[in-house]
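One letter stands for each residue in the lines below.
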Amino acid sequence: MQSKNVNCRTIELINSLRGKEKIKMLFVCLGNICRSPAAEGVMRRYVEEAGLEERIEVDSAGILSYHQGELPDKRMRVHASRRGLSLTHQSRPVKAADFEDFDVIFAMDDQNVSDLREISPTVEGCDKIVRISDFFTLATTLDYIPDPYYTGAEGFELVLDLLENSCYNILDSLRN
């Protein structure tokens, strides 16, 4: 991976996961209806294509519980389906146990990182939080996954492009 954003702590965390028998990853955004369920869907597809379903578990959650129990935003489901993804995750909020249960927690933006650090019950939990943009290799000026909720079709497509790029690089980093 030749990411322009990756930092040493992220590299160390990914390196520590390579030898694990089972890797559990959680993707987090604000409401768990656009970005994080899309990331879950993209990563799940890559994991299945690589035949790693027994080794890598994927889930998503939101900082807030506003949409708890809801399917992803209809617009995100439509754009994802055009790429062969079926987003069926039901929104749920991040819980304290997630910091124990998951090996790595991918945040979509800096506010998500900050919120996750506040939610984490331990310092060790904070050490599991990674910015997903650390894995961007696309030519972009962005250093986060933008929230497409208030945008048009181009916003959802951009999010999916960035997620496909970063999720591919995450999986590639775990395999190399």
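Scope of this entry: the structure provided in the associated data block. Because the structure is predicted, anything quoted here is derived from the model rather than measured.

One non-glycine residue, N32, adopts positive backbone phi at about 60°. Summarising the element assignment, N32 is placed in the loop between strand 1 (23–29) and helix 2 (35–49). The class for N32 is buried, based on a relative accessible area of 0%.

Looking now at the packing of aromatic side chains. Taken as a whole and judged by the stated rule, the model has four aromatic pairs. Where F27 meets F106, the ring centres are 5.2 Å apart and the plane angle is 20°; that geometry is what we call stacked. Within this pair, whereas F27 is found in strand 1, its partner F106 is found in strand 3 (residues 104–107), the two being separated by 79 residues in sequence. Judged on exposure class, the residue F27 and its partner F106 are both buried. Ring centres of Y149 and Y150 lie 4.8 Å apart, and the angle between their planes is 80°; this geometry places the pair in the edge-to-face category. Grouped by ring-pair contacts, the aromatic residues F27, F106 and F135 constitute a single cluster. In this structure, K24 is placed above the aromatic ring of F102, and the distance from its NZ or CZ to the ring centre is 5.4 Å.

Criteria and thresholds
- Residues numbered from 1 in each chain as written.
- Predicted model: local features only at pLDDT ≥ 70, side-chain atom pairs only at ≥ 80, totals over all residues.
- Heavy atoms only, no water.
- Helix = DSSP H or I, 4+ residues; strand = E, 2+ residues; numbered from the N terminus.
- Buried < 20%, exposed > 50% of the residue type's maximum accessible area, 1.4 Å probe, protein only.
- Phe/Tyr/Trp six-rings, centres within 6.5 Å; stacked < 30°, edge-to-face > 60°.
- Lys NZ or Arg CZ within 6 Å of the ring centre and 35° of its normal.

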